[in-house]
Amino acid sequence: EDQVTQSPEALRLQEGESSSLNCSYTVSGLRGLFWYRQDPGKGPEFLFTLYSAGEEKEKERLKATLTKKESFLHITAPKPEDSATYLCAVGTNYGQNFVFGPGTRLSVLP
Amino acid sequence: DAGVTQSPTHLIKTRGQQVTLRCSPKSGHDTVSWYQQALGQGPQFIFQYYEEEERQRGNFPDRFSGHQFPNYSSELNVNALLLGDSALYLCASSSGTNSPLHFGNGTRLTVT
């Protein structure tokens, strides 16, 4: 069964304190790994797609990396506006759906 | 360029009732997927529609049904509502098999 886990469940950072979020996955064939940001009361907002091990994507203070078993979302010098829940999802080769992890709730304190 | 729009934004229903949620996809997208998100959890796949047909279904009972119209908009119907159906229902649209999902802001359904 396809499975996605994320750690930590919640993370509190001081403004400027860099850290990483982890997404571990078990799938029979990876079609792509996707990172989303979700603000309270809103739908998830697409951030990155990674397709193969070794691939990296960057956007402002965020950088996503991918290995054969996991992905990391690195946050450099975060600001309070980076506070949100970060979700990762995987697409598999045999289905059209995406399997989501439970998310990491990030709080960045000023 | 309008993104994914969902209606209504909030809904309160009584156990046993039926509900219909609506979704208009992002311009240029032909595929619509529905997800259920319980509080504090990640979205769970309900089903996906493409060319007006259900292409794939997640582990949800037959009480959950849907429809896609020729203009690609979609409806999610839930019959015989249970308290456990209370959740945020998200619609997502996409184009192409491996393209990312673009989500609406969801419909918050409360069953009392």
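Further up the page is the structure itself.
Here we summarise the structure given alongside this text. In this text, all values refer to a predicted model and were calculated from it rather than measured experimentally.

1. A look at unusual backbone geometry
Phase 1: Omega for the peptide link from Ser7 of chain A to Pro8 of chain A comes to -10°, which places this bond in the cis form.
Phase 2: Summarising the element assignment, Pro8 of chain A is placed in the loop between strand S1 (3-7) and strand S2 (10-14).
Phase 3: In the segment running from Ser7 of chain B into Pro8 of chain B, the intervening peptide bond is cis, with an omega of -10°.
Phase 4: Inspection of the secondary structure puts Pro8 of chain B in the loop between strand S1 (5-7) and strand S2 (10-13).
Phase 5: Phi at Glu60 of chain A takes a positive value of approximately 55°, unusual for a residue other than glycine.
Phase 6: Checked against the element boundaries, Glu60 of chain A lands in the loop between strand S6 (56-59) and strand S7 (62-66).
Phase 7: Phi is positive for Glu52 of chain B, which is not a glycine, with a value near 65°.
Phase 8: By the secondary structure assignment, Glu52 of chain B is in the loop between strand S5 (44-50) and strand S6 (53-57).
Phase 9: Here Glu52 of chain B falls in the partly exposed class, since its relative accessible area comes to 42%.

2. Focus: the interface of chain B and chain A
Phase 1: Chain B puts 20 residues into the contact, and the matching count from chain A is 20 residues.
Phase 2: In total, about 1,700 Å² of surface goes out of reach between chain B and chain A, with carbon and sulfur atoms giving 53% of it.
Phase 3: Considering only the side of chain B, the residues that lose the most area to chain A are Gln56, Asn98 and Phe103 of chain B, jointly responsible for 28% of the buried surface there.
Phase 4: Counting across the chain B and chain A interface gives zero salt bridges.
Phase 5: Inspection of the region where chain B meets chain A yields five residue pairs in polar contact (both at pLDDT 80 or more).
Phase 6: Those elements that place two or more of their residues in the side of chain B that touches chain A are strand S4 (31-37), S5, S6 and strand S9 (87-94) of chain B.
Phase 7: When grouped by side-chain class, the residues that make up the side of chain B that touches chain A number eight nonpolar, eleven polar and one charged.

Cut-offs applied
- Residues numbered from 1 in each chain as written.
- Chains lettered and ligands numbered in written order.
- Predicted model: local features only at pLDDT ≥ 70, side-chain atom pairs only at ≥ 80, totals over all residues.
- Heavy atoms only, no water.
- Helix = DSSP H or I, 4+ residues; strand = E, 2+ residues; numbered from the N terminus.
- Buried < 20%, exposed > 50% of the residue type's maximum accessible area, 1.4 Å probe, protein only.
- Contact = heavy atoms within 4.5 Å.
- Buried area = accessible area lost by both parts, 1.4 Å probe.
- Salt bridge = Lys/Arg side-chain N within 4 Å of Asp/Glu carboxyl O.
- Polar contact = N/O pair within 3.5 Å; in protein donor to acceptor, adjacent residues only side chain to side chain.
- Nonpolar A, V, L, I, M, F, W, Y, C, P; charged D, E, K, R; others polar.

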